[in-house]
Amino acid sequence: MHAVIFDIDGTLLKSYDADGELFRLAVFDVLGAVNIRASWGEYENVTDSGILLEILSDNQVAYSDEISEQVKSRFVSLVKTHIDLNGSFSAIRGAQDFVNRIKNSPLHVCAYATGGWAASA
């Protein structure tokens, strides 16, 4: 049996642009006018929690579980609102058929991965 692992954002769903903008808004809503690098690729750990840690460090803000939970909660709320207003994120062309073939294969199992928080995924 072979495992096939798919990233969600940008591989299965067209959510990358909206996801990035909503993450920025959540950070600004919780932390105020902090510096955020121009590109997510400029961060060493390109996950929601990793980027948040680096944003805090860049802005000399001490990490706390409370700040992390506030940003995460705000982000999830913004994602839900975005979906309510715009509908679900679109699938990347061909992704759903490919995933279905893997899921129906007796030789493969399908799994999903994300650098995002589980609650937003």
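Residues numbered from 1 in each chain as written. Predicted model: local features only at pLDDT ≥ 70, side-chain atom pairs only at ≥ 80, totals over all residues. Heavy atoms only, no water.

Counting its secondary structure elements, the protein chain contains four helices and two strands. Written out in order from the N terminus, the α and β elements of the protein chain read β-α-α-α-α-β. Seen through its C-alpha atoms, the protein chain measures out along the principal axes to roughly 50 × 30 × 25 Å. Split into buried and exposed, the 121 residues of the protein chain put 29% on the buried side. Taking all contacts inside the protein chain whose residues are at least 6 apart in sequence as the whole, residues at least 24 apart take part in 66%. When the accessible surface of the protein chain is split by element, carbon and sulfur atoms take 51% of a total near 7500 Å². The average position of the 9 basic charges and that of the 16 acidic charges among the side chains of the protein chain differ by 9 Å. (Helix = DSSP H or I, 4+ residues; strand = E, 2+ residues; numbered from the N terminus. Buried < 20%, exposed > 50% of the residue type's maximum accessible area, 1.4 Å probe, protein only. Contact = heavy atoms within 4.5 Å. Areas by Shrake-Rupley, 256 points an atom, 1.4 Å probe, with all protein chains shown as cover. Lys, Arg positive; Asp, Glu negative; His and termini not counted. Charge placed at Lys NZ, Arg CZ, Asp CG, Glu CD.)

Across its 22 residues, helix 3 (residues 65–86) extends 31 Å between first and last C-alpha, which sits within 8% of the 32 Å expected from 1.5 Å per residue. Where helix 3 is concerned, the buried positions are Ile67, Ser68, Val71, Phe75, Val76, Leu78 and Val79. All buried residues of helix 3 project into a common sector of 160 degrees when viewed along the axis, lining one side. Turned more than 90 degrees off the buried face of helix 3, the exposed positions are Asp65, Glu66, Lys80, Asp84 and Leu85. In this structure, the buried side of helix 3 is in contact with helix 1 (16–31) and helix 2 (48–58). (Expected span 1.5 Å × (residues − 1). Arc of directions from axis to C-beta.)

Moving on: the nonpolar core. Within the largest apolar cluster, 18 residues are counted, with the highest numbers of intra-cluster contacts made by Phe23, Val27, Ile36, Leu52, Ile55, Val71 and Phe75. Listed by contribution, the elements that provide at least two residues to this core are helix 1, helix 2 and helix 3. The next biggest cluster of nonpolar side chains, apart from the first, holds five residues, and it includes Phe6, Leu12, Ala95 and Ile102. (Core = buried A, V, L, I, M, F, W, Y, C linked by side-chain atoms within 4.5 Å.)

Below, the discussion takes up the pattern of salt bridges. Tallied over the full model, the rule gives four salt bridges. With its nearest N and O atoms 2.7 Å apart, the salt bridge here joins Asp29 to Arg74. Here Asp29 is found in helix 1, whereas its partner Arg74 is found in helix 3, with 45 residues between them in sequence. For Asp29, a relative accessible area of 44% corresponds to the partly exposed category. Judged by its relative accessible area of 31%, Arg74 is partly exposed. Measuring nitrogen to oxygen at the nearest pair gives 3.2 Å for the salt bridge that ties Arg37 to Glu54. Of this pair, Arg37 sits in the loop between helix 1 and helix 2 while Glu54 sits in helix 2, placing them 17 residues apart in sequence. (Salt bridge = Lys/Arg side-chain N within 4 Å of Asp/Glu carboxyl O.)

Take the packing of helix 1 against helix 2 next. Where helix 1 contacts helix 2, the axes come no closer than 12 Å and their chain directions differ by 45 degrees. Considered as vectors, helix 1 and helix 2 are oriented oblique to each other. In terms of crossing hand, the pair formed by helix 1 and helix 2 is right-handed. Residues Phe23, Val27 and Leu31 of helix 1 lie in contact with helix 2, whose contacting residues are Asp48, Ile51, Leu52, Ile55 and Leu56. Here the contact of helix 1 with helix 2 is built from residues that sort into seven nonpolar, no polar and one charged. (Axes fitted to C-alpha atoms, helices over the stretch in contact; angles between N-to-C directions. Parallel < 35°, antiparallel > 145°, perpendicular 65-115°, else oblique. Left-handed = near helix turned anticlockwise from the far one by under 90°. Nonpolar A, V, L, I, M, F, W, Y, C, P; charged D, E, K, R; others polar.)

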